[in-house]
Amino acid sequence: MSSRVEVGVLGATGTVGQQFVRLLANHPWFDATWLAGSERSEGKAYADAANWKLSTPMPEAAARRIVQPPTPGKGPKLVFSALDANVAGELERAFAEAGHLVVSNARNHRMDPLVPLLIPEINPDHLQLLERQRTDYGWKGGIVTNSNCSTMFLALALAPLRTFGLTQCNVVTLQAVSGAGYPGVPSLDILGNVVPFIGGEEEKLEIEPQKILGSLAGDHVDPHPVVISAHTTRVPVIDGHTEMVSVDFATKVEAADIRAAFASFKGLPQELGLPCAPAQPLVYLEAENRPQPRLDVERDNGMAVFLGRLRRCPVLQHKFVALGHNTVRGAAGAALLNAELMQAQGLL
Ligand SMILES: NC(=O)c1ccc[n+]([C@@H]2O[C@H](COP(=O)([O-])OP(=O)(O)OC[C@H]3O[C@@H](n4cnc5c(N)ncnc54)[C@H](OP(=O)(O)O)[C@@H]3O)[C@@H](O)[C@H]2O)c1
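Below or above, wherever it landed, is the structure these notes cover. All values derive from a computational prediction rather than experimental measurement.

Within the structure, the ligand sits among 27 residues, and Thr-13, Ser-38, Arg-40, Ser-41 and Leu-83 are positioned closest to it. One of the backbone nitrogen or oxygen atoms of Thr-15 is found 2.9 Å away from an oxygen atom of the ligand. In this structure, Asp-84 approaches the ligand through a main-chain N or O atom, which is 3.3 Å from an oxygen atom. When contributions to the shell around the ligand are tallied by element, the ones reaching two or more residues are helix H1 (15-24), helix H4 (85-97) and helix H12 (328-344). Along the lines of polarity and charge, the residues of the shell around the ligand split into 11 nonpolar, 14 polar and two charged.

Laid out in structure tokens, this is it:
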């Protein structure tokens, strides 16, 4: 008998679902005993249902599991969701009503005022909203979400800059094709090309950080006032979203102070030694041509955000580059870290 907590994965066969299956295979606290997919997959062995795209072998225990239908009330109390956004809204709510704690990657419930949009290094106190889901919505379980993948790296980079009176941010993203799931963007659209549009992405990048960086005020979050302008593009990179960020502040801020704030930034996951926590959430690379997705995205198990090229901006005050692994820290790894924090705080 395993003493680990049994967990399930909704959307286990997809791009993010596969990262869940990989990361959960040897997890010290969680045991993935229930994998669910759509009608296309249910009843099949996971090995036959999942079109495995990771460079590490499919974990043996997962390969043999029979993919289950996504039926609320079935499966363990804690379920991770890597569901397609077209179905995640209703299904996740039904699971929460049936008593499951849903830790989700999907966008559907992120901006619900009573749903924590959680990044454990930044806003662990927002988990207090879970209690309001029970009293106000009558859910026996609950929903906790992680942010959009590009938001994740931007919010982590901006978090230590709040102390300087952060007022404005301009960000241009260069996003990997794995961010669109599988099969994603057709090869003839992306090879040798840059696509300057990702549906709905700019809106998420402009709004989600305000909630994440905001302050809990009883039954809601007061958004942080930073104004963000985002351009998002899809580029022919497999994994890793790069972001070109400019920032402005209420008063003049020295680059050395920003560097020091990046270097000293840590949170509860580091303090508690959570299994998926990177030693340093923000890692500054000194070389003038880094970070790069091919060279840096797998470092620190894909859980850190890599920064570089901090320099003066002639329009706003400073500019820099950020890079993160979109399906790990931007998705499955982020959800695991959220659940680890909830376990450490006795919420599971
Ligand atoms: N890719 C990223 O970098 C990334 C980053 C952050 C957040 N997200 C979000 O994470 C979620 C998953 O993204 P993805 O890239 O992994 O997508 P994906 O590869 O298209 O996978 C979608 C998953 O949803 C399942 N599904 C679809 N319709 C279903 C239904 N009616 N009932 C039950 N399951 C159903 C699929 O199951 P079958 O395979 O059995 O059909 C599959 O497992 C999305 O909400 C996405 O926006 C993705």
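Following both chains from N to C, one finds helix H6 (residues 149-158) and helix H8 (residues 201-212) inclined at 40 degrees, their axes separated by 9 Å at the closest point. By the criterion of interaxial angle, the relationship of H6 to H8 is oblique. In the crossing of H6 with H8, the sense of the turn from one axis to the other is right-handed. Residues Cys-149, Ser-150, Thr-151, Leu-154 and Ala-155 of H6 form the contact with H8, whose own contacting residues are Glu-201, Lys-204, Leu-205, Glu-208, Pro-209 and Ile-212. Tallied by class, residues from the contact of H6 with H8 come to six nonpolar, two polar and three charged.

Attention now goes to the pairing of strand S6 (residues 166-175). With eight bridges joining them, S6 and strand S10 (residues 241-249) adopt antiparallel strand pairing. Directly across from Val-171, in S10, lies its bridge partner Val-245. Direction of pairing for S6 relative to strand S9 (residues 227-234): parallel, over a ladder of eight bridges. Bridge pairing links Val-171 to Ala-230 in S9.

Because each turn of an α-helix spans 3.6 residues, side chains separated by three or four positions in sequence point in the same direction. Its 13 residues place the ends of H4 19 Å apart at the C-alpha level, agreeing with the 18 Å of an ideal helix rising 1.5 Å per residue. When we look at burial in H4, the residues that qualify are Ala-88, Gly-89, Leu-91, Glu-92, Phe-95 and Ala-96. Looking at the buried side of H4, the elements it contacts are strand S1 (5-10), strand S2 (30-36), strand S3 (78-81), strand S4 (101-104) and strand S5 (142-145).

The next thing to look at is the nonpolar core. Phe-20, Leu-24, Leu-35, Tyr-46, Leu-78 and Phe-80 are the most contacted members of the largest nonpolar core, which totals 40 residues. Sorting the residues of this core by element identifies S1, H1, S2, helix H2 (46-49), helix H3 (60-64), S3, S4 and H12 as the ones contributing at least two each. Leave out the neighbours within four places in its chain, and Tyr-46 touches Ala-12, Thr-13, Gly-17, Gln-18, Val-21, Leu-35, Trp-52, Met-58, Ala-62, Ala-63, Arg-65 and Val-67. Core analysis: the next-biggest nonpolar cluster, separate from the first, contains 37 residues, Leu-158, Leu-166, Phe-320 and Ala-322 among them.

The next subject is the pairing of S2. Most of S2 sits out of view: six of its seven residues are buried. Inspection of the sheet shows S1 paired to S2 by six bridges, in the parallel sense. Each residue of the ladder has a partner; that of Val-7, found in S2, is Ala-32. Of the crossover connections in this fold, the one passing from S1 over H1 to the parallel S2 is right-handed.

Bringing the sheet that holds S1 into the picture now. Within the open sheet, the five strands sit side by side as S2-S1-S3-S4-S5. Their pairing is parallel. Looking along the sheet, the strands with just one partner apiece sit at the ends: S2 and S5. Adjacent strand axes in the sheet meet at a mean angle of 25 degrees when their direction is disregarded. Along the sheet, H1 contacts S1, S2 and S3; its crossing angle with S1, the most-contacted strand, is approximately 160 degrees.

A few words now on the sheet that holds S9. As summarised here, the arrangement of the six strands in space is S9-S6-S10-S13-S12-S11, forming an open sheet in which the pairing is mixed. A single partner strand is all that each edge strand has here, and the edge strands are S9 and strand S11 (282-284). Direction aside, neighbouring strands of the sheet carry axes that sit 25 degrees apart on average. Along the sheet face, helix H9 (residues 255-264) touches S10, S11, strand S12 (305-312) and strand S13 (318-324) and points at about 175 degrees away from the line of S12.

A separate point is the state of the cysteines. Using the criterion set out here, one finds zero disulfides in the structure. Looking at Cys-169, it has no disulfide partner, and the nearest cysteine sulfur is the one in Cys-313, 11 Å off. Look at Cys-169 and you get buried, because its relative accessible area is 3%. In this structure Cys-313 comes out as buried when scored by relative accessible area, which is 7%.

Before going further, it helps to examine the side chain of Thr-13. Tracing the chain through its elements places Thr-13 in the loop between S1 and H1. Looking at Thr-13, the relative accessible area reads 14%, which means it is buried. Ignoring sequence-local partners within four residues, the contact set of Thr-13 consists of Gln-18, Arg-40, Ser-41, Tyr-46, Ala-49, Ala-50 and Val-67.

Where H1 contacts H12, the axes come no closer than 9 Å and their chain directions differ by 50 degrees. Considering their axes alone, H1 and H12 lie oblique with respect to each other. Handedness of the crossing formed by H1 with H12: right-handed. For the pair H1 and H12, the contacting residues are Val-16, Gln-19, Phe-20, Arg-22, Leu-23 and Leu-24 in the first and Val-328, Ala-331, Ala-332, Gly-333, Ala-335 and Leu-336 in the second. For the contact of H1 with H12, the residue count by class is nine nonpolar, two polar and one charged.

The rules behind each value
Note that residues are indexed from 1 along each chain, following the sequence as it is written. Under the rules for a predicted model, residues below a pLDDT of 70 receive no local features and side-chain atom pairs below 80 are neither given nor counted, while totals for whole chains, interfaces and linings still include all residues. For the side-chain quantities, the full set of heavy atoms in the structure was used; hydrogens and water were omitted. One heavy atom suffices: a residue is near a molecule or strand as soon as one of its heavy atoms comes within 4 Å of it. Two N or O atoms count as a polar contact when they lie within 3.5 Å, although within protein this holds only if one can serve as hydrogen donor and the other as acceptor, and sequence-adjacent residues are included solely when both atoms are side-chain atoms. The way it works is that DSSP assigns letters per residue, a run of H or I at least four long becomes a helix, a run of E at least two long becomes a strand, and they are numbered from the N terminus. Any residue outside Ala, Val, Leu, Ile, Met, Phe, Trp, Tyr, Cys, Pro, Asp, Glu, Lys and Arg is labelled polar, Gly included; the first ten of those are nonpolar and the last four are charged. Fitting a line to C-alpha atoms yields each axis, with helices limited to the stretch in contact; the angle taken between N-to-C directions then spans 0 to 180 degrees. The labels follow the angle: roughly parallel below 35 degrees, roughly antiparallel above 145, roughly perpendicular from 65 to 115, and oblique for the rest. Crossing handedness is defined as follows: a turn of the near helix away from the far one that is anticlockwise and smaller than a right angle gives a left-handed crossing, while the clockwise case is right-handed. Here, two residues are considered to be in contact whenever any of their heavy atoms come within 4.5 Å of each other. Criterion used throughout: strands pair if DSSP finds at least two bridges between them. To estimate how far a helix should extend, the number of its residues minus one is multiplied by 1.5 Å. Partly exposed describes any residue whose relative accessible area lies between the buried limit of under 20% and the exposed limit of over 50%, with all areas from a 1.4 Å probe on protein chains only and scaled to the type maximum. Here, nonpolar core means buried Ala, Val, Leu, Ile, Met, Phe, Trp, Tyr and Cys residues that are tied together by side-chain atoms lying within 4.5 Å of each other. Handedness of a crossover is defined as follows: with both strands directed away from the viewer, a clockwise route from the first strand across the helix to the second makes it right-handed. In what follows, a disulfide is any cysteine sulfur pair within 2.5 Å.

The values reported here are purely geometric and, on their own, carry no functional implication.
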